[in-house]
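One-letter residues, chain by chain:
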Amino acid sequence: MAIDLISYSLVPLFAALIIPFIPRKHRRITEIIANITLLSGIINLGYVIIYYLVLNDYTSYTSDAFTTLMLFTIYLVGMAITFFSTYYEVEKDTNFSSYYSLILVSVSAMCSLVMSRDFFTLYIFMEALSVCSFALITSDSKTFSIEAAIKYFFLTFPASVLIIFGISLLMINYGTFDFDTIKFTSMNFLTFVSLSFIILGFLIKAGIVPFHFWTPDVYEGSYSPVSAYMAGIVTKVGGIYAIIKIVMLLSSYGFGSNLSKLLLFTGFLSVFVGAIAATVQKNMKRMLAYSSISQMGYIILAAATFSPIGIIAAVFHLINHATFKTVLFLNSACVEKSTGTTNMDELKGLEHRMPWTSWTSIIALFSTAGLPPLSGFWSKLLIILALWQSGHIFYAVAALIASVFTLAYFTIMQKKVFFGKLPEKFNDIKEAKYQLLIPVVVISLIIIFTGVFFNRVFPYFERILS
Amino acid sequence: MNINFPLDWFFIAILFFTGAYCMIVSRNIIKLLIGFEIISKSATIAMITAGQATNNMALAQSVIIVMIMVEAIVIASGLALVVKSYRLNGSIDIKKLMNLKG
Amino acid sequence: MIFYLLIYFIIVVAAAMAIMSKKLLNSAVMLALLSIGISILLFAYNAPWAAVFELSVCAGLITVLFISAVSLVKNDEDALKEKRVKYTVFPLMLVGFAVIASIFVPEYFANLFQFASFNPSNNPPLGDMIWLYRGFDIIGQITLLAASIFVIKHIFTKETKNEH
């Protein structure tokens, strides 16, 4: 494990263990502890990244650029969710203390996961993360959320079992689990079988077609800030991060033409199934869930080219997608709180009453579709460039066509929900409280700045591969 | 010791089939959890055969201790979810959980 | 060799009876018997620490959890609605699967066994292994325990206001 960054995962764990000792009527102290912990982590990491690595180019501060970037994304999404859920339902006295403890413990598990240099350590923290998310999904005690949690439980535990079988087969061949000692110098049959088990397990956890059956139900049925959390970071760190790590290990030894074809085909299926299914949905959260499947397919397409520019494109699109989906899901939570429904046939013309929500979701959806000068444009460009340069012309053209589909269904959603004439029953809804809008606006500003100042940000990404 | 390796994996395959059959066929959620337990036991034996083949029993044992702990925690949280679902719905049949389509 | 075959036979019979029984209480007891069988197997493979751990956790704790959950969830009318034919046909399917698998599986894995790297010198004692080499798994275990505490507390919380 990378030992110099370990305090980023121990501090949330200690804060989570202190919270149950606070008496139940002091709700403010619990919220203040949770928010301050994550806020301090993010200020620290933001300072490190922007001052040392983007402006001044010090290379000896930290050992790994990829880890620091993932830690920053985890803290950013965690901070947004904690701040949002502090002000989301103030009047109902729900089970707040264990909710904040669970979010802090899952942030700690994710930070330790990205710092591990070992297959088995990855497995332990991934199990801790999925146990936390079983409980977080059921936060509002309705039948929908219990059902979503049971579906998540039974459809993702085969992934854990497959990963354990793969790890034990890998141990037969090498005798150890380290990333540094396993050198894939010769791809014999046993390594191939074990790696295919492991990659299959992680594809199920990430929600890629043809294993995507749990994703729409879980995102639709869970408590609203928690579905933003799950779509924003949990399925990414729990699934796609390990696949990118394995691709980075394999590509430095020049292997994997069979694996590349298989992953390209899987990514291509995900992109198209997600895009086509998202156009016919009526519920806003379900449409966002299918759009998540589609964008994960883009990340797999980029990583499957096994080339340096492909890996940079995959990492950049991962971080971008975390920001887009957080903004979109938090906006849908605001809409649900103000109007009481998420059915897109009933919502109409909300722009007149909720201008800030409307404009931030326009920024997020233009960035997903890939319009310049936002950050989504650069990551889509890098993905299509990586596919073109490694010779897969068909997949590059298919990715371009699917990008048009993405623009289509998001514009349909925007027109239905936000533009148009306001019907009678929505005449007295108010804009969401200003505290609920602060995290959304901050993340939208990050999307804009990453896109506009891309030439400053890009050399940092090249250092990932070293 | 080492002549048992194919025989071990034959029994691992049989146990895996048993657990998977239990998960596919039954309608009671607690029976599904019993199937999950049987599959986890077969994963434990898989790890022990790997440790035996490379003569690295200490690493295999530390891995198995953590795996048993993970399995106990996952089963505890699964049973908690089942009990809460029974309190809200009144039955533990998996065919009745069809509110969310798909 | 006969010893191993006997233990495997006990394990498979216990698993089959755990599936096919009508009452859930009998299934939990058969699961405990399965865990005892696995523990004896681990002793025979010269892994005493894992065997003791398995005995105390699986044959003790998980059985108690199952029995307490079964007694909290009393369903009388749902227990007979399932078709029993799916369970009584199970031994037949198991024997069929065993026959098919015995053709393909053993020689597949004997083929894979050639790639095993057997190093007879690298065998540190268990205490060294847990504390020195894999010391960061301790943080993983603490995280897992903290997660489980908060999960159970969160699922079974008392609500102060009723939902109408």
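Residues numbered from 1 in each chain as written. Chains lettered and ligands numbered in written order. Predicted model: local features only at pLDDT ≥ 70, side-chain atom pairs only at ≥ 80, totals over all residues. Heavy atoms only, no water.

What follows deals with a nonpolar patch on the surface. Residue and element names in this part refer to chain A. Where nonpolar side chains cluster on the molecular surface, the patch consists of Ile276, Trp388, Ile393, Val397, Ile401 and Phe405 and spans about 540 Å² of accessible area. Per-element accounting of the nonpolar patch gives the leading share, four residues, to helix α15 (residues 393-417). Mapped onto the secondary structure, isoleucine 276 falls in helix α10 (residues 257-278). Take isoleucine 276: its relative accessible area is 47%, and that puts it in the partly exposed class. (Patch = residues over 30% accessible without salt bridge, like charges linked within 9 Å, V, L, I, M, F, W, Y side chains within 5 Å. Areas by Shrake-Rupley, 256 points an atom, 1.4 Å probe, with all protein chains shown as cover. Salt bridge = Lys/Arg side-chain N within 4 Å of Asp/Glu carboxyl O. Helix = DSSP H or I, 4+ residues; strand = E, 2+ residues; numbered from the N terminus. Buried < 20%, exposed > 50% of the residue type's maximum accessible area, 1.4 Å probe, protein only.)

Right, let's talk about the packing of aromatic side chains for a bit. Scanning the model with the defined rule gives 32 aromatic pairs over all chains in all. The interplanar angle of 35° and the centroid separation of 5.6 Å between the aromatic rings of A:Phe66 and A:Tyr241 together place this pair among those described as tilted. Of this pair, A:Phe66 sits in helix α3 (residues 65-86) while A:Tyr241 sits in helix α9 (residues 224-251); the two residues are 175 residues apart in sequence, bridging distant segments of the chain. The exposure class assigned to A:Phe66 is buried, which follows from its relative accessible area of 3%. Judged by relative accessible area, A:Tyr241 falls into the buried class, the value being 1%. One aromatic cluster is present, formed by A:Phe134, A:Tyr152, A:Phe153, A:Phe154, A:Phe157, A:Trp214 and B:Phe36 through successive ring pairs. (Phe/Tyr/Trp six-rings, centres within 6.5 Å; stacked < 30°, edge-to-face > 60°.)

With that settled, the discussion passes to the packing of helix α5 (residues 119-137) of chain A against helix α7 (residues 137-155) of chain C. Running from N to C, α5(A) and α7(C) point in directions that differ by 10°, and their axes come no closer than 9 Å. Considering the angle they form, α5(A) stands roughly parallel to α7(C). Facing α5(A), whose interface residues are A:Phe120, A:Thr121, A:Ile124, A:Phe125, A:Ala128, A:Val131, A:Cys132 and A:Ala135, α7(C) presents C:Asp137, C:Ile139, C:Gly140, C:Thr143, C:Leu144, C:Ala147, C:Val151, C:His154 and C:Ile155. Along the lines of polarity and charge, the residues of the contact of α5(A) with α7(C) split into twelve nonpolar, four polar and one charged. (Axes fitted to C-alpha atoms, helices over the stretch in contact; angles between N-to-C directions. Parallel < 35°, antiparallel > 145°, perpendicular 65-115°, else oblique. Contact = heavy atoms within 4.5 Å. Nonpolar A, V, L, I, M, F, W, Y, C, P; charged D, E, K, R; others polar.)

This part covers the interface of chain C and chain B. Across the boundary between the two partners, chain C contributes 75 residues, which contact 63 residues of chain B. With both chains or domains summed, chain C and chain B bury close to 6,700 Å², and 77% of this area falls on carbon and sulfur atoms. The tally of links from chain C across to chain B stands at one salt bridge. Among the ionic pairs, C:Glu54 bridges to B:Lys41, the shortest N-O distance being 3.5 Å. Inspection of the chain C/chain B interface yields six residue pairs in polar contact (both at pLDDT 80 or more). Grouping the amino acids of the side of chain C that touches chain B by side-chain chemistry returns 57 nonpolar, twelve polar and six charged. (Buried area = accessible area lost by both parts, 1.4 Å probe. Polar contact = N/O pair within 3.5 Å; in protein donor to acceptor, adjacent residues only side chain to side chain.)

To continue, consider the interface of chain A and chain B. Every contact between the two is made by 35 residues of chain A and, on the other side, 40 residues of chain B. Together chain A and chain B conceal approximately 3,200 Å² of surface at their shared face, both sides included; 82% is due to carbon and sulfur atoms. Our count for the chain A to chain B interface comes out at zero salt bridges. Seen at the junction of chain A and chain B, the total is zero residue pairs in polar contact (both at pLDDT 80 or more). For the side of chain A that touches chain B, the secondary structure elements donating two or more residues are α5, α6 (143-174) and α8 (215-221) of chain A. A breakdown of the residues in the side of chain A that touches chain B according to their chemical character gives 21 nonpolar, seven polar and seven charged.

In terms of nonpolar packing, the biggest core is built from 262 residues, with A:Phe119, A:Phe177, A:Tyr229, A:Ile240, A:Ile244 and C:Phe66 touching the most fellow members. Residue-level mapping places this core at the junction of two domains, with at least three residues from each of domain 1 (1-74) and domain 2 (124-156) of chain C. (Core = buried A, V, L, I, M, F, W, Y, C linked by side-chain atoms within 4.5 Å. Domains from an automatic or database assignment.)

A few words now on the environment of A:Leu113. Assignment of secondary structure puts A:Leu113 in helix α4 (residues 96-114). For the pair formed by A:Leu113 and A:Ala242, sequence separation is 129 residues and the distance between their alpha carbons is 9.5 Å.

Now for helix α16 (residues 434-452) of chain A. Residue and element names in this part refer to chain A. For α16, built from 19 residues, the straight-helix expectation of 27 Å at 1.5 Å per residue is met to within 8% by its first-to-last C-alpha distance of 26 Å. Among the residues making up α16, those that are buried are Gln435, Leu436, Leu437, Pro439, Val440, Ile443, Ser444, Ile447, Thr450 and Gly451. Residues of α16 that are buried sit in contact with α3, α12 (308-339), α13 (355-369), α14 (375-389) and α17 (454-462). (Expected span 1.5 Å × (residues − 1).)

A few words on unusual backbone geometry. Residue A:Pro210 is reached from A:Val209 by a cis peptide bond, and omega for that bond is 5°. Looking at the secondary structure, you find A:Pro210 in the loop between α7 (189-206) and α8. One non-glycine residue, A:Phe306, lies in positive phi territory at about 55°. Mapped onto the secondary structure, A:Phe306 falls in the loop between α11 (284-303) and α12. Phi is positive for C:Asn46, close to 65°, though the residue is something other than glycine. Positionally, C:Asn46 belongs in the loop between α2 (24-44) and α3 (48-72).

Now for the domain arrangement of chain C. Split into domains, chain C comes out as domain 1 (1-74) and domain 2 (124-156). The gap between the C-alpha centroids of domain 1 of chain C and domain 2 of chain C is 24 Å.

Attention now moves to empty space enclosed by the protein. Taken as a whole, this structure holds six cavities of 30 Å³ or more when the rule is applied. There is about 230 Å³ of room inside the largest cavity. What lines the largest cavity is a set of 20 residues, and nearest its centre among them are A:Tyr123, A:Glu127, A:Ser160, B:Phe36 and B:Val70. Broken down by secondary-structure element, the contributors of at least two residues to the lining of the largest cavity are α5 and α6 of chain A together with α2 (29-54) and α3 (57-89) of chain B. In terms of residue count, the dominant contributor to the lining of the largest cavity is α6(A) (six residues). Across the lining of the largest cavity, the residue classes break down as twelve nonpolar, five polar and three charged. (1 Å grid on protein atoms, 1.4 Å probe; cavity = no way out; pocket = protein on both sides within 12 Å on 5 of 7 lines; lining within 4 Å. Points joined across faces, edges and corners; volume = space filled by probe spheres on them.)

You can see A:Leu5 is positioned in the segment before α1 (7-18). Taking C-alpha positions, A:Leu5 is 35 Å from A:Ser270, a pair spaced 265 residues apart along the chain.

Residue and element names in this part refer to chain A. Evaluation of the coordinates by the stated rule reveals zero disulfides over all chains. With no disulfide partner, cysteine 132 has as its closest neighbouring cysteine sulfur the one in cysteine 111, 13 Å distant. Accessibility expressed as a relative area gives 0% for cysteine 132, which makes it buried. (Disulfide = S-S within 2.5 Å.)

Moving on, we come to the packing of α3(A) against α4(A). Residue and element names in this part refer to chain A. Packing of α3 against α4 brings their axes to within 10 Å, and their N-to-C directions diverge by 170°. Here α3 lies roughly antiparallel to α4, going by the angle between them. Contact residues: Thr67, Met70, Leu71, Ile74, Tyr75, Ile81, Thr82, Ser85 and Thr86 in α3; Tyr99, Tyr100, Ile103, Val107, Met110, Cys111 and Val114 in α4. Looking at the contact of α3 with α4 residue by residue, the class counts come to twelve nonpolar, four polar and no charged.

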